[in-house]
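Here's the letter readout for the chains.
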Protein chains: 2
Amino acid sequence: MRSNQPLSPLTAHLGYWMRLVSNHVSHGFARKLAERDVTVAEWVMLRQLYDEDALAPSRLAERMGMTRGAITKLADRLIAKALVVRIDHPDDGRAQTLALTKQGRRLVPTLAALADENDAAFFGHFTPEERSRIEQFLKAIVDRHGLTDVPVS
Amino acid sequence: MRSNQPLSPLTAHLGYWMRLVSNHVSHGFARKLAERDVTVAEWVMLRQLYDEDALAPSRLAERMGMTRGAITKLADRLIAKALVVRIDHPDDGRAQTLALTKQGRRLVPTLAALADENDAAFFGHFTPEERSRIEQFLKAIVDRHGLTDVPVS
DNA sequence: TATTGTTATACTCTATAACTATA
DNA sequence: TATAGTTATAGAGTATAACAATA
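Definitions and limits used
- Residues numbered from 1 in each chain as written.
- Chains lettered and ligands numbered in written order.
- Predicted model: local features only at pLDDT ≥ 70, side-chain atom pairs only at ≥ 80, totals over all residues.
- Heavy atoms only, no water.
- Near = heavy atom within 4 Å.
- Polar contact = N/O pair within 3.5 Å; in protein donor to acceptor, adjacent residues only side chain to side chain.
- Helix = DSSP H or I, 4+ residues; strand = E, 2+ residues; numbered from the N terminus.
- Nonpolar A, V, L, I, M, F, W, Y, C, P; charged D, E, K, R; others polar.
- Phe/Tyr/Trp six-rings, centres within 6.5 Å; stacked < 30°, edge-to-face > 60°.
- Lys NZ or Arg CZ within 6 Å of the ring centre and 35° of its normal.
- Least-squares fit on C-alpha atoms with pLDDT ≥ 70 in both.
- Contact = heavy atoms within 4.5 Å.
- Buried area = accessible area lost by both parts, 1.4 Å probe.
- Salt bridge = Lys/Arg side-chain N within 4 Å of Asp/Glu carboxyl O.
- Axes fitted to C-alpha atoms, helices over the stretch in contact; angles between N-to-C directions.
- Left-handed = near helix turned anticlockwise from the far one by under 90°.

## Considerations on the protein's contact with DNA strand C
Item 1. In the neighbourhood of DNA strand C, 22 residues make up the surrounding shell, with Ser58, Arg68, Thr72 and Arg86 of chain A together with Arg77 of chain B lying closest.
Item 2. In DNA strand C, atoms within 4 Å of the protein come 62% from sugar and phosphate.
Item 3. Between DNA strand C and arginine 77 of chain B there is a distance of 2.4 Å, counted from a phosphate oxygen to a side-chain nitrogen or oxygen.
Item 4. Only α3 (57-64) and α4 (68-80) of chain A together with α4 (68-80) of chain B provide two or more residues apiece to the surface near DNA strand C.
Item 5. In terms of residue count, α4 of chain B provides more of the surface near DNA strand C than any other element does, four residues in total.
Item 6. A breakdown of the residues in the surface near DNA strand C according to their chemical character gives seven nonpolar, seven polar and eight charged.

## A short note on the packing of aromatic side chains
Item 1. According to the stated counting rule, one finds nine aromatic pairs over all chains in the structure shown.
Item 2. Centre to centre, the rings of tyrosine 16 of chain A and tryptophan 17 of chain A are 5.1 Å apart; their planes meet at 85°, and the pair counts as edge-to-face.
Item 3. Members of the aromatic cluster, connected to one another through ring pairs, are Phe137 of chain A together with Phe122, Phe123 and Phe126 of chain B.
Item 4. Over the ring of tyrosine 50 of chain A we find arginine 105 of chain A, and its NZ or CZ is 5.0 Å from the ring centre.

## Side note on the relation of the copies chain A and chain B
Each copy of the chain is related to the other by a rotation around an axis and a translation along that axis.
Item 1. Overlay of chain A on chain B (RMSD 0.1 Å): rotation 180°, translation along the axis 0.0 Å. Taken together, the rotation angle and the small translation identify this as a two-fold axis.
Item 2. Both copies contact each other with a shared surface, as 100% of the interface residues of chain A are interface residues in chain B too.

## A look at the interface of chain A and chain B
Item 1. Contacts between chain A and chain B engage 62 residues on the former and 62 residues on the latter.
Item 2. Taking both partners together, chain A and chain B bury about 6400 Å²; carbon and sulfur atoms supply 68% of that area.
Item 3. For the interface between chain A and chain B, the tally reads zero salt bridges.
Item 4. Linking chain A with chain B are 14 residue pairs in polar contact (both at pLDDT 80 or more).
Item 5. Only α1 (14-34), α2 (40-50), α5 (102-123) and α6 (128-145) of chain A provide two or more residues apiece to the side of chain A that touches chain B.
Item 6. Residue contributions to the side of chain A that touches chain B peak at 13 residues, all from α1 of chain A.
Item 7. Residue composition of the side of chain A that touches chain B, grouped by class: 32 nonpolar, 14 polar and 16 charged.

## Re the protein's contact with DNA strand D
Item 1. Near DNA strand D there are 21 residues, and of these Arg77 of chain A together with Ser58, Arg68, Thr72 and Arg86 of chain B occur at the shortest range.
Item 2. Between DNA strand D and threonine 72 of chain B, the relevant distance is 2.5 Å, taken from a phosphate oxygen to a side-chain nitrogen or oxygen of the residue.
Item 3. Elements supplying a minimum of two residues to the surface near DNA strand D: α4 of chain A together with α3 (57-64) and α4 of chain B.
Item 4. Looking at the surface near DNA strand D residue by residue, the class counts come to six nonpolar, seven polar and eight charged.

## Remarks on the packing of α6 of chain A against helix α1 (residues 14-34) of chain B
Item 1. One way to put it is that α6 of chain A packs onto α1 of chain B with a least axis distance of 10 Å and a crossing angle of 35°. Regarding α6 of chain A and α1 of chain B, the two cross each other, and that crossing is left-handed. Contacts between α6 of chain A and α1 of chain B involve Arg131, Ile134, Glu135, Leu138, Lys139, Ile141 and Val142 of chain A on the former and, on the latter, Leu14, Trp17, Met18, Leu20 and Val21 of chain B.
Item 2. When grouped by side-chain class, the residues that make up the contact of α6 of chain A with α1 of chain B number nine nonpolar, no polar and three charged.

The structure is reproduced here in structure tokens:
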């Protein structure tokens, strides 16, 4: 049985092209990170912790748009790799913070260089004007929809 | 211990903004599809089959950038939902094709409308000129890197 | 009671590889 | 031997909910 009602192709949507490009940018980065035994979500957590002395798991969950349960698992893996430590809150017995180890802090700039490399591979051949136009376009959507989480996948 | 080496923020990368927007476009669509008990990957398979009488699992794997094993599982779910059927190849005993059921074929235009809706929600407020400029930008990347698979997540 | 974090369960997608049947 | 498809296993991410400890 064949299509009676012809539909607009998937490729008619801007979302299609954006997902195609975005997925490849992410996967390209994921492959580079995998050589260092790090996932994209792990990278984002490490990068967040790099700018702070320490962060509560619940703060990370908010920033990264993940559940607290997911943060626990992610932190467990990074702790197993000796890149992160858990520190009990001195006053509030329920609370903790996560912080980079010396080794974790040393790794982040290396990974940041991979991120720079990957972005340049996909967007570096455009002119600064073109890149800035796209960035404005994307930020307009971010503002309009109030998107705030750091994308992790 | 605090950062000695200040790094460019995550937000300095165009890939960051694209992933943020793309993820929300996808998740927005995923939520709409979920009301019909369909995932994005399932939608893509259904949409592929809508344009053909039938397709071999291996062809679908190529088009969707998924492994044959993943296609098997995806097809199993769609068969369980009575949206797709497996048909043995008449001559080659190894080969099969997948095709939409009547019910599956009836569902696709409904889902396509959701896709249209979702794309409009995120990109509809731009002018046709702006949209076309972004599309060109994205397609230039697709061409340059030879991206061909249909993005599924 | 509310909050913090952990744990358990389940589902989707991914990747690899072993496996069956057929060519 | 090679190919088509299935199956098994494991890992990463997501979501929900139950849970313990503390406030």
